[in-house]
Amino acid sequence: MSVPRRPPALPTAPFLLLVLLLTAPLLLLTGCSSDTAPAAQRQGAAGPNSDAASVRGGTPDAASPEKDPVRPPREIPVLGPRTRAQIPDEARQAFVVTGEGVDSNRSSAMLYSREDPAEGWHPAAGPWEAHNGMAGWTDYHEAGDLRSPTGVYSLTDAGGRLPDPGALLPYDEDPRFALDGEGFYGEPLEGSFDYVLAINYNRLEGVSPLNRTRPLGLERGSGIWIHVDHGGPTQGCVSIPLERMEELLRTLDPEMNPVIVMGDEATLSR
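Residue numbering note: each chain is counted from 1, following its sequence as written. It should be noted that, the model being predicted, local features are given only for residues of pLDDT at least 70 and side-chain atom pairs only at 80 or more, the latter also being counted only at that level, while totals for whole chains, interfaces and linings use all residues. The side-chain figures draw on all heavy atoms in the structure; neither hydrogens nor water molecules are used.

**Quick look at the side chain of Gln93**
Reasoning step 1: Elements are defined by DSSP. Helices are runs of H or I of four residues or more, strands are runs of E of two residues or more, and each kind is numbered from the N terminus. Mapping Gln93 onto the fold places it in strand S1 (residues 93–99).
Reasoning step 2: Each polar contact in these results corresponds to two N or O atoms within 3.5 Å; when the atoms are within protein, one needs to be able to donate a hydrogen and the other to accept it, and residues that are neighboring in sequence are counted only if both atoms are side-chain atoms. Reaching out from Gln93, the side chain makes a polar contact with the backbone nitrogen of Asp253 at a distance of 2.8 Å.

Here's what the structure looks like:
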């Protein structure tokens, strides 16, 4: 007679728990390295669902760089809004003469240009040492007051005792530009008018600096020029060294409608 076999005993609960604990890490490792893992897991932080991608707009392809803010045109730094408003829109060269004080006869001169109005002004030459009227500056120049007139004036005509050094503005060579005598400090004036640029204050434009027509009348002063410095203050003109006069004459271009902006620092900053 055969004896019936007993069915094998089922594993106990503690044994099953032990098996699960031993095999779980293997399952996890197999899942992380599988080629069937989600795309976001394979791409890591650069994946389309990552925080970095969401900051850029969802996906790298959707990124759009921010536009640079529009920059206003550069202004001439020493000039305030009232003075800047006096510069004509068509002027693209500005010779700025800044006095140390309203009663000072010492100045600093610098040339600015703006080839592109959208970019604004930029330095082109200088700064150069300069002199102005013996008594300083005034906004109402009169004959004999020994002050230079403040304001913005066009520059259209040049001349001098010496031959044309290559001026772009119309140049009048004439022996009548000769000058002698002494300045306020006893310095010789000879050679001061070797080169001159007429400042269009109380004069006609488009004529020689020697022209004596005075639209405002003789009592308002006349013959306000940029000329060669003689080492001291002037009667009302602006003076710069000889080599700077030559450079200025070769640079000021009638096609750029040059102007001079002149006055004491406090006035020009308004």
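Now that the structure has been shown, we can carry on.
**Quick notes on the nonpolar core**
The nonpolar side chains of a soluble globular protein tend to be buried with one another.
Reasoning step 1: We define the nonpolar core as a collection of buried residues of types Ala, Val, Leu, Ile, Met, Phe, Trp, Tyr and Cys that are connected through side-chain atoms lying within 4.5 Å of one another. Burial classes: relative accessible area under 20% of the type maximum marks a residue as buried, over 50% as exposed, and values in between as partly exposed (1.4 Å probe, protein chains only). By size, the foremost hydrophobic cluster in this structure holds 29 residues, and its most contacted members are Phe95, Leu197, Ile199, Ile226, Ile240, Leu248 and Ile260.
Reasoning step 2: In this structure, Phe95 is in contact with Ala109, Met110, Leu111, Trp128, Ile226, Ile240, Leu248, Val259, Ile260 and Val261, ignoring residues within four places of it in sequence.
Reasoning step 3: Grouped together as the second largest cluster of nonpolar side chains are 13 residues, Ile76, Leu79, Trp121 and Leu268 included. Contacts are assigned to residue pairs that have any heavy atoms within 4.5 Å of one another.

**Some thoughts on the pairing of S1**
Reasoning step 1: Taking burial as the measure, the seven residues of S1 include seven buried ones, the bulk of the element.
Reasoning step 2: Of the two faces of S1, the one lined by Gln93, Phe95, Val97 and Gly99 and the one lined by Ala94, Val96 and Thr98 are each fully buried.
Reasoning step 3: Criterion used throughout: strands pair if DSSP finds at least two bridges between them. Pairing between S1 and strand S2 (residues 106–113): seven bridges, direction antiparallel. When the bridges of S2 are listed, Phe95 appears paired with Leu111.
Reasoning step 4: The turn linking S1 back onto S2 is made up of six residues.
Reasoning step 5: Across six bridges, S1 lies against strand S11 (residues 259–264) in parallel orientation. Directly across from Val97, in S11, lies its bridge partner Met262.

**What about the pairing of S2?**
Reasoning step 1: Across the eight residues that make up S2, a large majority, six, are buried.
Reasoning step 2: Alignment of S2 against strand S3 (residues 122–131), held across seven bridges, turns out to be antiparallel. Following the sheet pairing, Ser113 is matched in S3 by His122.

**Description of the pattern of salt bridges**
Pairing is possible between side chains of opposite charge, provided their charged atoms come close.
Reasoning step 1: When a carboxyl oxygen of Asp or Glu lies within 4 Å of a side-chain nitrogen of Lys or Arg, that pair is called a salt bridge. In this structure the tally under the stated criterion is seven salt bridges.
Reasoning step 2: Between Arg84 and Glu75 there is a salt bridge, with its nearest N and O atoms 3.5 Å apart.
Reasoning step 3: According to the relative accessible area criterion, Arg84 is partly exposed, its value standing at 30%.
Reasoning step 4: For Asp103, the salt bridge goes to Arg147, with nearest N and O atoms at 2.9 Å. Of this pair, Asp103 sits in the loop between S1 and S2 while Arg147 is found in strand S5 (residues 147–149), placing the two residues 44 residues apart along the sequence.
Reasoning step 5: Given a relative accessible area of 52%, Asp103 falls into the exposed group.

**Details of the environment of Ser222**
Reasoning step 1: Position of Ser222 relative to the elements: it lies in the loop between strand S8 (196–199) and strand S9 (225–228).
Reasoning step 2: Assessed through its relative accessible area of 34%, Ser222 is described here as partly exposed.
Reasoning step 3: With 10 residues separating them along the chain, Ser222 and Arg212 place their C-alpha atoms 8.0 Å apart.

**Digging into the packing of aromatic side chains**
Reasoning step 1: In this scheme Phe, Tyr and Trp rings, the latter by its six-membered ring, pair at centre separations within 6.5 Å, and the angle between planes marks the pair as stacked below 30 degrees, edge-to-face above 60, and tilted otherwise. Under the criterion given, the structure shown has four aromatic pairs.
Reasoning step 2: Taking the centre distance of 6.1 Å and the plane angle of 50 degrees together, the rings of Phe95 and Trp128 count as tilted. Here Phe95, found in strand S1, pairs with Trp128, found in strand S3; they are 33 residues apart in sequence, far enough to count as distant.
Reasoning step 3: Ring centres of Phe177 and Trp225 lie 5.7 Å apart, and the angle between their planes is 55 degrees; on these two criteria the pair is classed as tilted. On the criterion of sequence distance, the pair formed by Phe177 in the loop between strand S7 (171–173) and S8 and Trp225 in strand S9 is long-range, its members being 48 residues apart. Considered together, Phe177 and Trp225 belong to a single accessibility category, that of buried residues.
Reasoning step 4: Chaining the aromatic ring pairs together yields one cluster made of Phe177, Phe193 and Trp225.
Reasoning step 5: In this analysis the charged atom, NZ for Lys or CZ for Arg, is taken to sit over a ring once it is within 6 Å of the ring centre and within 35 degrees of the ring normal. We note Arg220 situated over the ring of Tyr140; from NZ or CZ to the ring centre the distance is 3.9 Å.

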